[in-house]
Amino acid sequence: HNSPPNPKEETQSFLQNTLRYPPTISNGIISALLSNGIPPSSLLSMVKSLAGRYEVGEDGGLVALAASVKKELEEKEGKARVKIWCLPSVGWSAAD
């Protein structure tokens, strides 16, 4: 007999196959939700809620969560964030 689908695997499948998030980001999103008290049985519905009406480009917060997960993963990997200041060569003073 087929065992019922694992909620974590279902959620991972939705994130990767439907929304096209890479596995590392998908796992990070799932971990973030679980560590914030979302029970495994509610993972898929929570992710779908956060995804909003993704088919028409309306996000419900998942894009921000994915960006946060990506930033955290990059920091763990030791990738430095670079800030670039572009200043005009004339006509600018620190007092402005």
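Criteria and cut-off values
Residues numbered from 1 in each chain as written. Predicted model: local features only at pLDDT ≥ 70, side-chain atom pairs only at ≥ 80, totals over all residues. Heavy atoms only, no water. Phe/Tyr/Trp six-rings, centres within 6.5 Å; stacked < 30°, edge-to-face > 60°. Helix = DSSP H or I, 4+ residues; strand = E, 2+ residues; numbered from the N terminus. Buried < 20%, exposed > 50% of the residue type's maximum accessible area, 1.4 Å probe, protein only. Lys NZ or Arg CZ within 6 Å of the ring centre and 35° of its normal. Salt bridge = Lys/Arg side-chain N within 4 Å of Asp/Glu carboxyl O. Expected span 1.5 Å × (residues − 1). Arc of directions from axis to C-beta. Contact = heavy atoms within 4.5 Å.

(A) How the structure looks around the packing of aromatic side chains. Enumeration according to the criterion identifies 1 aromatic pair in this entry. The interplanar angle of 75° and the centroid separation of 5.6 Å between the aromatic rings of F14 and Y54 together place this pair among those described as edge-to-face. Remark: Y54 occurs in the loop between helix 3 (43-51) and helix 4 (62-76) and F14 occurs in helix 1 (residues 7-18); sequence separation between them is 40 residues. Its relative accessible area of 34% is what places Y54 among the partly exposed residues. The ring of F14 has K48 lying over it, and the distance from NZ or CZ to the ring centre is 5.4 Å.

(B) Focus on the pattern of salt bridges. Within the structure shown, the criterion is met by 4 salt bridges. Here E58 ties to R53 by a salt bridge, and the two come within 3.7 Å at their closest N and O atoms. Residue R53 is classed as partly exposed on the basis of its relative accessible area, which comes to 47%. For K71, the salt bridge is made with E75, and the minimal N-O distance between the two is 3.2 Å. Of this pair, K71 and E75 both sit in helix 4, 4 residues apart, roughly one helical turn. Looking at K71, the relative accessible area reads 38%, which means it is partly exposed.

(C) How the structure looks around helix 1. Its 12 residues give helix 1 an end-to-end C-alpha distance of 16 Å, which sits within 8% of 16 Å, the value for a rise of 1.5 Å per residue. Of all the residues in helix 1, the buried ones are T11, F14 and L15. Summarising the axial view, the buried residues of helix 1 lie within an arc of 90°, below the 170-degree limit, and thus occupy one face. Each element contacted by the buried residues of helix 1 is listed here: helix 2 (23-35), helix 3 and helix 4.

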